[in-house]
Amino acid sequence: MAANTPQLLTREVPPRAAWALEQAGHTPLLARLFAARGVREPLELDDGLARLLPPESLLGATAAAQLLADAILAGERICLVADYDCDGATACVVALRGLALLGAKPEQLGYVVPDRAVHGYGLTPAIVELALPQRPQVLMTVDNGIASIAGVAHAKALGLKVLVTDHHLPALIDGQIVLPEADAIVNPNQPACSFESKNLAGVGVAFYVLLALRSELRRRGAFDAASQPKLDGLLDLVALGTVADVVKLDANNRRLVAQGLKRMRAGRVQPGVQALFTAAGRDCSRATGFDLGFALGPRINAAGRLSDMTLGIECLLSDEPSRALELAKQLDAINRERREIEADMKEQAEAKLDHIMSLLDGEPPAALCLFEADFHEGVVGIIASRLKDRVHRPTFVFAQGADGQLKGSGRSIPGFHLRDALDLVSKRQPELLKKFGGHAMAAGCTLADPRSFAAFNQALQAVAAEWLDAAALTRTLRTDGPLSPEFFTPDTVRSLDAQVWGQAFEAPLFCDQVDVISQRIVGERHLKLRIRQAGVLRDAIWFSHIDPVPESGRMAYRLSLDEYQGQQRVQMIVEALV
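Residues numbered from 1 in each chain as written. Predicted model: local features only at pLDDT ≥ 70, side-chain atom pairs only at ≥ 80, totals over all residues. Heavy atoms only, no water.

Caption draft 1: Geometry of the state of the cysteines. Counted under the stated rule, the structure contains 0 disulfides. Looking at the unpaired Cys92, the closest cysteine sulfur is the one in Cys79, lying at 8.7 Å. (Disulfide = S-S within 2.5 Å.)

Caption draft 2: Representation of the pattern of salt bridges within the structure. On inspection of all chains with the given rule, the structure shows 33 salt bridges. A salt bridge links Glu372 to Lys352; the shortest N-O distance between them is 3.3 Å. In this pair, Glu372 sits in the loop between strand S9 (368-371) and helix H14 (380-391) while Lys352 sits in helix H13 (residues 321-359), placing the two residues 20 residues apart along the sequence. Exposure remark for Glu372: the relative accessible area of 25% places this residue in the partly exposed category. Under the relative-accessibility criterion, Lys352 is labelled partly exposed at 28%. The partner of Asp491 in a salt bridge is Arg494, with the nearest N and O atoms 2.7 Å apart. Of the two residues, Asp491 and Arg494 both sit in helix H17 (residues 490-497), 3 residues apart, roughly one turn of that helix. Residue class for Asp491 comes out exposed when judged on its relative accessible area of 52%. Arg494 gets classed as partly exposed once you look at its relative accessible area, which sits at 38%. The network of salt bridges with shared partners includes Arg11, Arg37, Asp480 and Glu506. (Salt bridge = Lys/Arg side-chain N within 4 Å of Asp/Glu carboxyl O. Helix = DSSP H or I, 4+ residues; strand = E, 2+ residues; numbered from the N terminus. Buried < 20%, exposed > 50% of the residue type's maximum accessible area, 1.4 Å probe, protein only.)

Caption draft 3: Region of the structure containing the sheet that holds strand S16 (residues 526-533). Taken together, 5 strands build a closed barrel; the order of strands is S15-S16-S17-S19-S18 and the barrel is mixed. Adjacent strand axes in the sheet meet at a mean angle of 45°, parallel and antiparallel pairs treated alike. Alignment of strand S17 (residues 536-542) against strand S19 (residues 567-577), held across 2 bridges, turns out to be parallel. When the sheet's bridge partners are listed, Ile541 is paired in S19 with Ile573. Across the face of the sheet, H17 comes into contact with strand S15 (510-522), strand S18 (552-564) and S19 while running at roughly 90° to S18. (Pairing = 2+ DSSP bridges. Axes fitted to C-alpha atoms, helices over the stretch in contact; angles between N-to-C directions. Contact = heavy atoms within 4.5 Å.)

Next comes the structure, spelled out in structure tokens:
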């Protein structure tokens, strides 16, 4: 089986769980889908704010709240240090808006965000220096800082208080976890934190810090429960950052996203979020997780990839709709430029991949590493993701930065923890990686210069050969089995679209035996199919696929609504046909 031909597996549906969900009022189809994704009792699907995990269970949240309350009441200036992706931008805006709601004066608040090409990632000593003209007394990181040992030390040496809020994994030095010497650290993935959800995005951590701060200020008598500021107006931003960062949608994250989507559909959104919907040609009143992950998120991310994330932050900070729309249109233009760069880079990368596979009799290597001198470092992560999807192998793509160093971004497959793999590489060749960090499925690293690329390629290949077996190297698609003909209705699609799907809580993917009646290329890039399923003729489309398919087979597909001249019809979106 070729690496990009998936094995289709049907999810198991525990009958007792499905029955319990039906008894709680869910439709049989939704009960089946939820049970197949691990939901065992109806309370797990309760998306009410009262069901959120309590902020006091998040290690460091109380200390952070005390630090921020002291700073606000003393009139101290707080400077946020953001990250240059959508999670970092939304976390920055949530923190700035939330601190203002909780009593911080405008002159007390400021922010800095690194330039990807100039400063790199995280709270570095250079970023501390960048913040100094704002005369801060407190530096608060959002979506970064847990591995910023030197940057925090530099800030402390200058007499600044440092609050780290992050969700990434801590630094490993000589095999030991090392935390920065900050005044407070809030991160569900730090040692000894008992918070049940380890999957909070950076924006989720920032929101939880605000909840803890509100409790602390209430305890100090700043307001009572009846008059306390409402923070739920920030949940559209929390939902956007959470989905865009592709963190696992456990029950707690699903509640955060569900609450944000409800506010979007009701029109209770930040002007910047509404402007992004408009610029993307999407309807905010029908917002879905797909909109956040594939329309709004990429437009914010484009600023950090090609330009300056200040543009994205200012769009989300703006309270003036016309100004927000102007900035959203700029982000849309940058995103179009990003797509053009991505298309050129993808063509080059696939040509190199084809050459590598030709040397290996058509099979991809255990891990894929590519470098091209003219690659754009802001887009290498997207290319790594595209190639990973094609060959189902851990993939790193490198570009050369202005300083001559190679900046690599990697994407992985289940069963291969990318950050741990980099840690092993660094142990075996201590001088090879200048720095590295990330998660199980996405990570980054820096090499000294192009001469280091071959050594890195060889080292990662060795780890992959040791860790990955035939089962891990076989791409699988987990499906929800056949879908009865009575469910092919617009109401079914609308019902599915109203739910919160995402990473580790995947959108429904059905699978049926079909006969292919006709197939043709449309738009030069997509395969349009006419198929017979359970005796019924239906239309299907396979986006970004032009290779002919067999006359029959098992088809994995999603459902969508195709609207034309005011009419809605159900369309099958093909994911695989084997």
